[in-house]
Amino acid sequence: MKRYFGVFVLLCSVLMLVFRRGFLTGAQYGVQFCINTLAPAVFPFSFLCCLYSQSDFCYRVGRALYPLNKRLFSLSECGGGILFMSLLCPSPVCAHEICNMYRKGKIGKNNAELLCSYTGSTSPSLIIGFAGAFLFSSALKGAVIYGVCVLSSLIYGITHRGKMIYENRDMIKQTEIFSFPLCVKSAVSSCAYVCAYAVLFFTLKGGIESVFSSDGFLLYLFAEPVTGIYLAKKASHLISEGWLFSLVCASMSFTGLCTCLSVFSACRQCGLSPLPFFKGKIIQSVMSLAISHLVYGIFFK
């Protein structure tokens, strides 16, 4: 496997030398995108989520929702607090917090991997403001996209509750010293992972376009949803609004290749398998495609 990876790196290096202008253009756009859009959107959520996970409020939320979470998802109080956080925060942020919980012994390995697989999609502000208001000129449609993504995640969690190993562990109520600098460090780390893979994707995108001159949006929609939505706006005349709506729902549930790579890195670093996350997001993407197609036909036709 390492040998094939080395051949892949060598091939990419040769292509970068031959088509360096396209790769450099893509890298420059990726860095600008991270500085102007991605980092400002990810860092505040990462920081607030770290504060939340270390606060007494997370403990209280997990305890308040424990009866419901135990029945529906077979989650402990600790997992219930993070599940609530996942409704507002993107996947990389949730994955980093779940990994931190696993390192501290607040949640077991099996449950941490399963919890990663159905928590988090894309932040509601991005879905409603960008996918809804920008692409479909309707914040309501953006809210419906967000609702479909959340519904798919929760259904997946409920159907996999039998694989959860019940843990009779209460969330530790602030036994560790609250550290503001550590929250900043954790937020910067989460943001850096996301931005690094985004720059890599845009670099490869620039190189591919210099070779094939492709302006298609479907590939980008599932590789990096923000870029895909931007390109879909320009190509909206090529596909019906109903199918575009469903594809956007599916891509938001999948969260994008860049996000998946970021979660993979976080899981690998603490000894968790990333495969449940990848499998879960694929299944949730298909579920969102089906649910959104039905919802659009009922409410927006």
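Before reading further, recall that the structure is shown in the block above.
Every value quoted in this text rests on a predicted model; they were computed, and no experiment measured them. (Residues numbered from 1 in each chain as written. Predicted model: local features only at pLDDT ≥ 70, side-chain atom pairs only at ≥ 80, totals over all residues. Heavy atoms only, no water.)

S.K.: I tried to follow the overall build of the chain on my own but got confused; where do I start?
M.R.: Looking only at helices and strands, the chain features 15 helices and zero strands. For the chain, buried positions account for 50% of its 301 residues. Considering only contacts within the chain whose residues lie at least 6 apart along the sequence, 77% involve residues at least 24 apart. By element, 70% of the accessible surface of the chain is carried by carbon and sulfur atoms, the whole surface being about 14,700 Å². (Helix = DSSP H or I, 4+ residues; strand = E, 2+ residues; numbered from the N terminus. Buried < 20%, exposed > 50% of the residue type's maximum accessible area, 1.4 Å probe, protein only. Contact = heavy atoms within 4.5 Å. Areas by Shrake-Rupley, 256 points an atom, 1.4 Å probe, with all protein chains shown as cover.)

S.K.: I'm lost on the environment of Gly 22 in this one. Help?
M.R.: If you trace the backbone, Gly 22 turns up in helix α2 (residues 20-54). On the accessibility criterion, Gly 22 (15% relative accessible area) is buried. Separated by 185 residues in sequence, Gly 22 and Gly 207 place their C-alpha atoms 4.8 Å apart.

S.K.: What is the right way to read helix α13 (residues 241-254) from this model?
M.R.: Residues spaced three or four apart along an α-helix point in a common direction, a consequence of the helix completing one turn every 3.6 residues. With 14 residues, α13 extends 20 Å from end C-alpha to end C-alpha; this agrees with the ideal 20 Å at 1.5 Å per step. Counting buried residues along α13, twelve of its 14 residues qualify, which places the element largely inside the surrounding structure. For α13, the complete set of buried residues consists of Gly 242, Leu 244, Phe 245, Ser 246, Leu 247, Val 248, Cys 249, Ala 250, Ser 251, Met 252, Ser 253 and Phe 254. Elements in contact with the buried residues of α13: α8 (124-135), α9 (139-159), α11 (218-223), α12 (225-234), α14 (257-269) and α15 (275-299). Residue Thr 255 follows α13 closely and has a positive phi angle near 80°. (Expected span 1.5 Å × (residues − 1).)

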